[in-house]
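# Remarks on the overall topology
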Amino acid sequence: AQTVTQSQPEMSVQEAETVTLSCTYDTSENNYYLFWYKQPPSRQMILVIRQEAYKQQNATENRFSVNFQKAAKSFSLKISDSQLGDTAMYFCAFLGTNAGKSTFGDGTTLTVKP
Amino acid sequence: GAVVSQHPSRVICKSGTSVKIECRSLDFQATTMFWYRQFPKQSLMLMATSNEGSKATYEQGVEKDKFLINHASLTLSTLTVTSAHPEDSSFYICSARDRGTHNQPQHFGDGTRLSIL
């Protein structure tokens, strides 16, 4: 079974600074998909960024980018120019090609300080 | 983008009441929907996978008779918490994936906060 580990329960960053959230996973599959979701205090789950394992290029969405290291099974999220609205819980998720359901990490609570 | 509507957003009821939560995919068809439970500051706990036209697949430890799931159409799944008790109080979230797009992310509803008095 796949597992997803987020080793940082809580993090904080100053507004306008850069922060990196870590995520590691364990799988025997070669093709899979990885996602980062954001859950602000409103508790709505919002997709931040996705990465296909067969793509070597790291995904980027505006201020959000990932560092995908397939061999190391690592999928970290970098948030540049942090904004107060980035304060949320962030979940890393793994989706295999056969499972149909995603496996979520325990989440990292990020606080952006003014 | 794909929208999942979850209703109601908030429920407060007495112990022993049965509560139904609806999850609708508004602009896509969802063969599969997922039901999660989430405690404060914790991750999503998958309760069951709802399959259109067939029985739901429950995760280990989830009572099938307690949490009834019905997925009668490609756009609607319902979760009924039967004879709810205070320990059932939680945040419930549904999600769906567009039919035929296995590699796409799940689209989430806004969740239902259930409080049993």
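Scroll up for the structure.
Residues numbered from 1 in each chain as written. Chains lettered and ligands numbered in written order. Predicted model: local features only at pLDDT ≥ 70, side-chain atom pairs only at ≥ 80, totals over all residues. Heavy atoms only, no water.

## Section: the overall build of chain A
This is how it is decided: Per the convention used, a helix needs a DSSP run of H or I reaching at least four residues, while a strand needs a run of E reaching at least two, with both numbered from the N terminus. Between the two quantities, the radius of gyration covers C-alpha atoms and the globule rule is 2.2 Å times the number of residues to the power 0.38. For every residue, the accessible area (1.4 Å probe, protein chains only) is compared with the maximum for its type, and the residue is labelled buried under 20%, exposed over 50%, or partly exposed between those bounds.
Within chain A, the secondary structure is distributed over zero helices and twelve strands. Starting at the N terminus and walking to the C terminus, you meet the elements of chain A as β-β-β-β-β-β-β-β-β-β-β-β. Relative to the compact-globule value of 13 Å for 114 residues, chain A shows a C-alpha radius of gyration of 14 Å, a close match. In terms of principal-axis extent, the alpha carbons of chain A reach across some 40 × 25 × 20 Å. Within chain A, buried positions represent 47% of all 114 residues.

## As for the interface of chain A and chain B
Rule in force here: Contacts between residues were defined by any pair of non-hydrogen atoms, one from each residue, lying within 4.5 Å. By buried area we mean how much accessible surface two parts lose on assembly, using a 1.4 Å probe and totalling the loss over both. A side-chain nitrogen of Lys or Arg and a carboxyl oxygen of Asp or Glu constitute a salt bridge if their distance falls within 4 Å. Throughout this description, a polar contact denotes any pair of N or O atoms lying within 3.5 Å of each other; where both atoms belong to protein, one of them has to be capable of donating a hydrogen while the other can accept it, and for residues adjacent in sequence the pair is counted only when both atoms sit in side chains.
At the junction of the two partners, chain A supplies 22 residues and chain B supplies 23 residues. For the pairing of chain A and chain B, the buried interface totals around 1,800 Å² over both sides, and the portion due to carbon and sulfur atoms is 53%. The largest contributions to the chain A side of the interface with chain B come from Arg43(A), Met45(A) and Lys101(A), which together make up 33% of the buried area. One can count one salt bridge joining chain A with chain B. Measuring nitrogen to oxygen at the nearest pair gives 2.9 Å for the salt bridge that ties Glu59(B) to Lys101(A). Applying the counting rule to chain A against chain B returns seven residue pairs in polar contact (both at pLDDT 80 or more).

## Structural notes on the side chain of Arg43(A)
Here is the rule: In this charge count, Lys and Arg are treated as positive and Asp and Glu as negative; neither His nor the chain ends contribute.
By secondary structure assignment, the location of Arg43(A) is in the loop between strand 5 (32-39) and strand 6 (46-52). Asp110(B) provides the closest opposite charge to the buried, unpaired Arg43(A), separated from it by 11 Å. At a separation of 3.3 Å, a polar atom in the side chain of Arg43(A) contacts the side chain of Gln38(B).

## Here we look at the sheet that holds strand 8 (residues 76-81) of chain B
Residue and element names in this part refer to chain B. The test is simple: Two strands pair if DSSP finds at least two bridges between them. Here the axes come from fitting lines to C-alpha atoms, over the contacting stretch only for helices, and the angles between their N-to-C directions go from 0 to 180 degrees.
Strand order across the open sheet formed by four strands is 1-3-8-7, with antiparallel pairing between neighbours. The outermost strands of the open sheet, each flanked by one partner alone, are strand 1 (4-7) and strand 7 (67-73). For this sheet, the mean inter-axis angle between neighbouring strands, taken without regard to orientation, is 15°. Across five bridges, strand 7 lies against strand 8 in antiparallel orientation. By the bridge assignment for strand 8, Leu68 is matched with Thr80.

## Focus: the packing of aromatic side chains
As a reminder, the rule being used: For Phe, Tyr and Trp, rings pair up if their centres lie within 6.5 Å, where Trp contributes its six-membered ring, and each pair is then called stacked (planes under 30 degrees apart), edge-to-face (over 60) or tilted (otherwise). Two thresholds decide whether a charge sits over a ring: the Lys NZ or Arg CZ must be within 6 Å of the ring centre and within 35 degrees of the ring normal.
This model, assessed by the stated rule, comprises twelve aromatic pairs over all chains. Centre to centre, the rings of Tyr36(B) and Phe108(B) are 6.1 Å apart; their planes meet at 40°, and the pair counts as tilted. Taken as a pair, Tyr36(B) in strand 4 (residues 32-38) and Phe108(B) in strand 10 (residues 107-108) lie far apart in primary sequence, 72 residues in all. Residue Tyr36(B) is classed as buried on the basis of its relative accessible area of 1%. A relative accessible area of 8% means that Phe108(B) is categorised as buried. For Arg43(A), the ring lying beneath its charged end belongs to Phe91(B), and the centroid distance is 4.1 Å.

## Considering unusual backbone geometry
His7(B) connects to Pro8(B) through a cis peptide bond whose omega is 0°. You can see Pro8(B) is positioned in the loop between strand 1 and strand 2 (10-13). The backbone of Arg43(A) sits at a positive phi, close to 75°, despite the residue not being glycine. Phi at Lys73(A) takes a positive value of approximately 55°, unusual for a residue other than glycine. Among the secondary structure elements, Lys73(A) is positioned in the loop between strand 8 (64-69) and strand 9 (74-79). A relative accessible area of 25% means that Lys73(A) is categorised as partly exposed.

## A look at the pairing of strand 4 of chain B
When a strand is regular, its side chains alternate between the sheet's two faces. All names here are of chain B. Taking burial as the measure, the seven residues of strand 4 include six buried ones, the bulk of the element. Here strand 4 pairs with strand 5 (residues 44-51) via seven bridges, running antiparallel. In the sheet register, Met33 faces strand 5, and the bridge partner there is Ser50. Two successive antiparallel strands, strand 4 and strand 5, enclose a turn made up of five residues, where Lys41 displays a positive phi of approximately 60°. Bridge count between strand 4 and strand 9 (residues 90-97): seven bridges; the pairing is antiparallel. The partner of Gln38 across the bridge, within strand 9, is Phe91.

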